[in-house]
Amino acid sequence: MNLAHFDLGIAGTALRLDGPEPWLTPLRVAWASWTPAAETPMWPVAIAEDATLAEPQGPLFDARPRCQGGVCTLRAPGFQGTVDAGQGLADLRAHPAAAPADVGYFLRVVLAVQTFARGGMLFHAAGVEHRGKGYALFGVSGSGKTTASQFSAPDPVLNDDLLLLWPSTDGWQMYATPFGKRRGDVRHVALHSLLRLVKDSDVFLAPMSPGQALGELASNTPVLSADPLWLPDVLARWEIVLAAVPAYALHFRRDSTFWEVIDAELG
Amino acid sequence: MLNWDDVLTKAPAIVTRESGDELVVVLPEQGKFVVLNATGARMLRLTDGIRTLREIARAIALEFNADPAQVESDVLRFAQSLVERGALTVIKRHG
């Protein structure tokens, strides 16, 4: 099997991917514009085919990362992956029947670990730039991130499912990722508000208690929130974010009126 | 159902963090969390694998100068909900 490699850059991260061409080439083509900035420290990610593994019984997406002390493992029929934050290394062995999408999912896990190790966070949220400000609309699957993104047109959507957050000199920036749907080509914007989506027939913003906001945000921190050893640091980092960025519950329905409420109360 | 003489302990995997007057309890294996007020936080701290639920209720009633009957009812209901969420486990069951 032919081997391929490419460098993937998302916000302040950089991954050097090596692996079988049939898995990497579709990702390289789809993510051609996601190149790392010069001098960004590279994390090598080794992908290998392993026919001795059992046939996959589902996508790797169904496998829950198990993290312990900075090392995350992904184990499922057909897959064995490890991400080691301390070593700055990641490797995935996969059965030949695996798909490029499985490798793509593994890279999300790598990105979550690498970003956190360097001071940022991967965040399960849709990011919308509205009137020059960044709004992170967050919530677990089914909370309405994609729906709210669609009703935000024509505003740019950095991503409708996963964002990266990085601290900046004047607060926090939210960055686009290539893992979900996007509208426009905005790559980053200052984070103005964190909005927990709540499907409702009425449209309004409700305050969240500090504890509620902290719990909600931690629960929407992919991969790391599954590690009891990492969780205290995850909670501490979200407290830093919350000291700079307000959080609200956004009750919304399937139309764009929630932006009128946001403009009136937060704009 | 829990009993007054049951002894509970905190599930080993939970992670807690104080936030203002609240205590955030995260259950990493389930990807869920619970936010406790001051009374709930105190109850969780008193749940140490030694005290019975009755002893915990009495301690809270004294500390918060609250109606013992009301506290007993609240503690039993609250403990049951935390057991169901996986934040507490029963280590000694009466009867």
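Residues numbered from 1 in each chain as written. Chains lettered and ligands numbered in written order. Predicted model: local features only at pLDDT ≥ 70, side-chain atom pairs only at ≥ 80, totals over all residues.

**Q** In this structure, what is going on with the overall build of chain A? I would like to understand it.
**A** The helix and strand inventory of chain A stands at six helices and 15 strands. In summary, chain A has a C-alpha radius of gyration of 19 Å against a globular reference of 18 Å for 267 residues, a match within 12%. Taking the principal axes of its C-alpha atoms as reference, chain A extends roughly 60 × 40 × 35 Å. Here chain A, with 267 residues, has 44% of them falling under the buried criterion. Long-range pairs, those at least 24 residues apart, make up 63% of the contacts in chain A with a sequence separation of at least 6. (Helix = DSSP H or I, 4+ residues; strand = E, 2+ residues; numbered from the N terminus. Rg over C-alpha atoms; globule rule 2.2 N^0.38 Å. Buried ≥ 20, exposed ≤ 12 C-beta atoms within 10 Å, placed from the backbone. Contact = placed C-beta atoms within 7 Å.)

**Q** Just checking my understanding: could you explain the sheet that holds strand S2 (residues 15-19) of chain B for this structure?
**A** Strands belonging to one sheet form pairs held by backbone hydrogen bonds; the direction of such a pair is parallel or antiparallel. Residues and elements named next belong to chain B. What the three strands build is an open sheet, ordered S2-S3-S4; its pairing is antiparallel. Of all the strands in the sheet, just S2 and strand S4 (32-36) have a single pairing partner and so form its edges. Sheet twist, expressed as the average angle between the axes of neighbouring strands with direction ignored, equals 20°. Where S2 meets strand S3 (residues 22-27), five bridges bridge the pair, whose relative direction is antiparallel. Bridging from a neighbouring strand, Ser19 pairs with Glu22 of S3. (Pairing = 2+ DSSP bridges. Axes fitted to C-alpha atoms, helices over the stretch in contact; angles between N-to-C directions.)

**Q** Can you walk me through the environment of Glu84(B) in this structure?
**A** Residue and element names in this part refer to chain B. Examined against the element boundaries, Glu84 turns out to sit in helix H3 (residues 68-85). Residue Glu84 is classed as exposed on the basis of its 9 C-beta neighbours within 10 Å. On a C-alpha basis, the gap between Glu84 and Leu36 in space is 15 Å, while along the polypeptide they are 48 residues apart.

**Q** I'm lost on the packing of helix H1 (residues 38-46) of chain B against helix H2 (residues 53-63) of chain B in this one. Help?
**A** Between two packed helices, what matters for the description is the angle formed by their axes and the separation of those axes. All names here are of chain B. Contact pair H1 / H2: the axes reach a minimum separation of 10 Å and the direction vectors enclose 140°. If you check the angle between H1 and H2, you find them oblique. You can see that H1 and H2 cross each other, and the crossing is right-handed. Contacts from Thr39, Arg42, Met43 and Leu46 in H1 reach Ile56, Ala59, Ile60 and Glu63 in H2. In terms of residue class, the contact of H1 with H2 is made up of five nonpolar, one polar and two charged. (Parallel < 35°, antiparallel > 145°, perpendicular 65-115°, else oblique. Left-handed = near helix turned anticlockwise from the far one by under 90°. Nonpolar A, V, L, I, M, F, W, Y, C, P; charged D, E, K, R; others polar.)

**Q** Is there a simple way to explain the domain arrangement of chain A in this structure?
**A** Where interface size is given, it is often the accessible area lost as the parts come together that is meant. Residue and element names in this part refer to chain A. For chain A, the assigned domains are domain 1 (3-117) and domain 2 (121-265). A straight line from the C-alpha centre of domain 1 to that of domain 2 covers 25 Å. With 18 residues of domain 1 at the interface, the matching set in domain 2 holds 17 residues. The set of elements that each furnish at least two residues to the side of domain 1 that touches domain 2 consists of strand S4 (66-68) and helix H2 (100-117). Element by element, the count of residues in the side of domain 1 that touches domain 2 is highest for H2, at seven residues. Along the lines of polarity and charge, the residues of the side of domain 1 that touches domain 2 split into 12 nonpolar, four polar and two charged. (Domains from an automatic or database assignment.)

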